[in-house]
Amino acid sequence: MTQDIPTYADVAAAADRIKGHAHHTPVLTSRTIDAELGASVFFKCENLQRMGAFKFRGAFNALSCLSEAQKQAGVVTFSSGNHAQAIALSARILGVPATIIMPLDAPAAKVAATKGYGGNVITYDRYTEDREAIGTRLAEDNGLTLIPPYDHPHVIAGQGTAVKELIEETGPLDALFVPLGGGGLLSGSLLSARELSPECAVYGVEPEAGNDGQRSFRTGTIVHIETPKTIADGAQTQHLGQLTFPIIQHAATDILTASDPDLVDAMRFFASRMKIIVEPTGCLGLAAARMMNTELKSKRIGVLLSGGNVDMERFCTLLSA
Ligand SMILES: *Cc1c(COP(=O)(O)O)cnc(C)c1O
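Residues numbered from 1 in each chain as written. Predicted model: local features only at pLDDT ≥ 70, side-chain atom pairs only at ≥ 80, totals over all residues. Heavy atoms only, no water.

## Overview of the overall build of the protein chain
A tally of helices and strands in the protein chain yields 14 helices and 10 strands. Its C-alpha atoms give the protein chain a radius of gyration of 18 Å, near enough to 20 Å, the size a compact globule of 321 residues would have. With the C-alpha coordinates of the protein chain rotated into their principal frame, the extents come out at 55 × 45 × 40 Å. Each of the 321 residues in the protein chain was classed as buried or not, and the buried ones make up 60%. Within the protein chain, contacts between residues at least 6 apart in sequence are counted, and of these 74% link residues at least 24 apart. Carbon and sulfur atoms make up 50% of the accessible area of the protein chain, which totals about 12,400 Å². (Helix = DSSP H or I, 4+ residues; strand = E, 2+ residues; numbered from the N terminus. Rg over C-alpha atoms; globule rule 2.2 N^0.38 Å. Buried < 20%, exposed > 50% of the residue type's maximum accessible area, 1.4 Å probe, protein only. Contact = heavy atoms within 4.5 Å. Areas by Shrake-Rupley, 256 points an atom, 1.4 Å probe, with all protein chains shown as cover.)

See the structure below:
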């Protein structure tokens, strides 16, 4: 496996590979939010991507790049949910057997969807067991290829195709807000933004409860933390990656944080005003943009809505709390 840091050329190659398989998702606007921020806001709706999140892009690209022998032997991955579904669906489309290591407390909808796509699900306790060790052991014992959720060049390149599509559609932006977990989405987005809109300020946004990315960015070394307790289950990562961190360190403008109550407010806004379901992690970008408010006056802003996979019961509970 190559461990080279990907470039924009890899994003462009990924765009060709996923074409006809991934959706070219819509870009939505809202007069209400434009009035609130005094800006022009463009929402890239990856909540409407296949399997409900941008992760299909990276997973499909990574599996497409495997050799025939690797495809036949199968793949293994670990994920809090969306990467699992993305690998399971991509594997089914490409005829590759997939084993998925998921946390015991992963949202029921995500576990059910992963199994529904034909993935072989193995569970672990995310507070006491090391998913990377489990994945590595399974890969070694069974000759499987490990496709990690973010620290992989083909995954990063695939994730970058969402912002490539966004900027190709909107033209240059002044600022872009991207949810941040392990940094696959942010680093891919940076490759596209730096190429297509070099002046654009690009912010990664992570949950307040787990600001390892912000601390890593500001100190220059990868900070490790305990699994943070937050409703943003897609960003409960413990550290940035060996490949994602250098890209973020070099090209991001800053890393911001958002609180759980602010994510709920954004979720309510998307559902009530824009008629779309966005999962808590997918709300990080808007929550941060709302806090910046005055700095964004009269600017053209991109906000990446990274996913929409939230159980309806949990959605209702969060909104009624
Ligand atoms: C995985 C995920 C993220 C974070 O992506 P990284 O590449 O780990 O930074 C954000 N939002 C959603 C919906 C996700 O599934």
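Resuming the write-up.
## Brief notes about the site of the ligand
The environment of the ligand is formed by 15 residues, the closest being K55, N82, G181, G183 and S306. Here G181 contributes a backbone N or O atom positioned 2.8 Å from an oxygen atom of the ligand. (Near = heavy atom within 4 Å. Polar contact = N/O pair within 3.5 Å; in protein donor to acceptor, adjacent residues only side chain to side chain.)

## Quick notes on the sheet that holds strand β9 (residues 254-258)
One open sheet accounts for six strands, arranged β1-β2-β10-β7-β8-β9; its pairing is mixed. At either end of the open sheet lies a strand with only one pairing partner, and these are β1 (27-28) and β9. Here strand β8 (residues 201-207) pairs with β9 via five bridges, running parallel. Looking across to β9, one finds that G204 is bridged to I255. The sheet contacts of helix α8 (residues 153-170) involve β1, β2 (40-45), β7 (175-179) and β10 (300-305), and relative to β2 the element is tilted by about 140°. Helix-sheet contacts for helix α9 (residues 184-196) involve β7, β8, β9 and β10, and the interaxial angle to β8 is about 170°. (Pairing = 2+ DSSP bridges. Axes fitted to C-alpha atoms, helices over the stretch in contact; angles between N-to-C directions.)

## Observations regarding the nonpolar core
Ranked by internal contacts, the top residues of the largest apolar core, which has 39 residues, are F43, F177 and F270. Not counting the four nearest positions on each side in its chain, F43 is found in contact with P26, V27, L28, S30, I33, F270, M274, L286, V303 and L305. Counting residues in each nonpolar core, the second largest holds 31 residues, with V178, L186, A193 and L240 among its members. (Core = buried A, V, L, I, M, F, W, Y, C linked by side-chain atoms within 4.5 Å.)

## Some remarks on helix α10 (residues 212-219)
Listing the buried residues of α10 in full gives D212, G213, Q214, S216 and F217. Residues of α10 that are buried sit in contact with β8, α11 (244-251) and β9. G220 lies just past α10 and shows a positive phi near 85°.

## Remarks on the sheet that holds strand β3 (residues 75-78)
Taken in spatial order, the four strands line up as β5-β4-β3-β6 in an open sheet, and their pairing is parallel. Each edge of the open sheet carries a strand with a single partner, namely β5 (120-124) and β6 (145-146). In the sheet, β3 pairs with β6 via two bridges, with the strands oriented parallel. Residue V75 lies in a different strand from β6, and its bridge partner there is T145. Taken strand by strand, helix α6 (residues 108-116) contacts β4 (98-103) and β5, and its axis lies near 170° from that of β4.

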